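Residues per chain, in single letters:
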Amino acid sequence: MPTAAHRDQDGDYDWTKYHTKYLTDLDVAVPEVTTAQTRIKISTRKRRATSVRKPPVVQEALDFWSFAGAAANVVMQLGWPEVGYGVMESKVETGALTKHPWKRARTTTQYLAVAILGSPEEQEAFREAVNSAHRHVRSDPRSPVKYNAFNRELQLWVAACLYVGIEDSHQLLSGVMTEEEAETFYQSAKTLGTSLQVPNEMWPPTRVEFDRYWNYACQRVVIDDTTCDFLNDLVDLKMISPLIRLPFVNLLRFLTIGFLPPMFRAQLGLEWTEDDRRRFEHLFTFVSIVNKFLPKSIRFGGSRWLMRDLRRRMKHDKDMI
């Protein structure tokens, strides 16, 4: 729970005071990198059909294409060395990314669905399941960096990556949001972080402050040779059977690189041109048109299936992850 030391002069909680290990001076820090380096460029104009709707909320953004950048999001999360080596050295083999990619993908996407659509009871049950796996994820004397999966700053970074991914996919499909719309969307997404160990007071309270946190946190992204090889294999889907991978590898690689911010592409040595970016946006323009003719049962079927699967596992007392 927050202490008096976390309150500012007005008695409100100062979210920057929770960052005491990795981001030690967040309250006064001026990021050295810019949003142009840490976020993908989106110039998609607002779709006429969406401009008259209610303010956007994250619950309405979980259609099938919201998961198109899932691999890119994992790359971003592993950009912090502590998260990267926590995954690469994980002793929890049942959820290992390289050995059980489909199970890992199901767990990650199910977390998104539960955090956004689940009830408090469902979120609590899933939190406990994740905690049971995280208890085994900690560094040992041979690890290049020290880490512990229960560290709140590491969990906040992962949650921030998830938020960036879902906001990007939403804007690619629906058009760039106004500042007011972006704030509404952001406020609806707090449970992405607070569904795990991150207290509500630690999540940046406004969209503007999230930008400052994000740019400053991105300065810690360091992809060494070991991590680079691991992540490039992920981009190329090397952990998936060739029979499944080969028909889709070019599209999935294109989507993955497209969802990566410039500084991540640079550290991985990935090329991305302005022509690539325009083709990327054109793809989502086409998808947004197709989406208009698809029933919600199809567009949101994946998220609904994940929630039904969770409820079935809870009802029959089965493992959730």
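Everything discussed here concerns the structure shown above.
Cut-offs used in this document
- Residues numbered from 1 in each chain as written.
- Predicted model: local features only at pLDDT ≥ 70, side-chain atom pairs only at ≥ 80, totals over all residues.
- Heavy atoms only, no water.
- Patch = residues over 30% accessible without salt bridge, like charges linked within 9 Å, V, L, I, M, F, W, Y side chains within 5 Å.
- Areas by Shrake-Rupley, 256 points an atom, 1.4 Å probe, with all protein chains shown as cover.
- Salt bridge = Lys/Arg side-chain N within 4 Å of Asp/Glu carboxyl O.
- Helix = DSSP H or I, 4+ residues; strand = E, 2+ residues; numbered from the N terminus.
- Buried < 20%, exposed > 50% of the residue type's maximum accessible area, 1.4 Å probe, protein only.
- 1 Å grid on protein atoms, 1.4 Å probe; cavity = no way out; pocket = protein on both sides within 12 Å on 5 of 7 lines; lining within 4 Å.
- Points joined across faces, edges and corners; volume = space filled by probe spheres on them.
- Nonpolar A, V, L, I, M, F, W, Y, C, P; charged D, E, K, R; others polar.

Draft legend 1. Region of the structure containing a nonpolar patch on the surface. Side chains of Phe-286, Val-290, Leu-294 and Ile-298 sit close together on the surface and give an oily, nonpolar patch of about 350 Å² of accessible area. Mapped onto the fold, Ile-298 is located in helix H16 (residues 296-299).

Draft legend 2. Seen up close, unusual backbone geometry. For Leu-237, which is not glycine, the phi torsion reads 60° and is therefore positive. Residue Leu-237 is classed as buried on the basis of its relative accessible area of 9%.

Draft legend 3. Molecular detail of empty space enclosed by the protein. In the structure shown here, the tally under the stated rule is one cavity of 30 Å³ or more. Of the voids in this model, the largest cavity is the one considered here, and its volume is about 190 Å³. Lining the largest cavity are 19 residues, with Ser-66, Gly-69, Ala-70, Asn-73 and Leu-112 positioned closest to its centre. Elements with a contribution of two residues or more to the lining of the largest cavity: helix H3 (70-77), helix H5 (101-117) and helix H7 (152-174). Among the elements that make up the lining of the largest cavity, the one with the highest residue count is H3 (six residues). In terms of residue class, the lining of the largest cavity is made up of 10 nonpolar, eight polar and one charged.

Draft legend 4. Representation of the pattern of salt bridges. This model, assessed by the stated rule, comprises 19 salt bridges. One salt bridge in this structure joins Arg-39 and Glu-167, with 2.7 Å as the shortest N-O distance. With Arg-39 in the loop between helix H1 (35-38) and helix H2 (48-51) and Glu-167 in helix H7, the pair connects residues that are 128 residues apart, well separated along the chain. Across the salt bridge formed by Glu-167 and Arg-207, the nearest N and O atoms sit 2.8 Å from each other. In this pair, Glu-167 is assigned in helix H7 and Arg-207 in helix H10 (residues 207-218), connecting sequence segments 40 residues apart.

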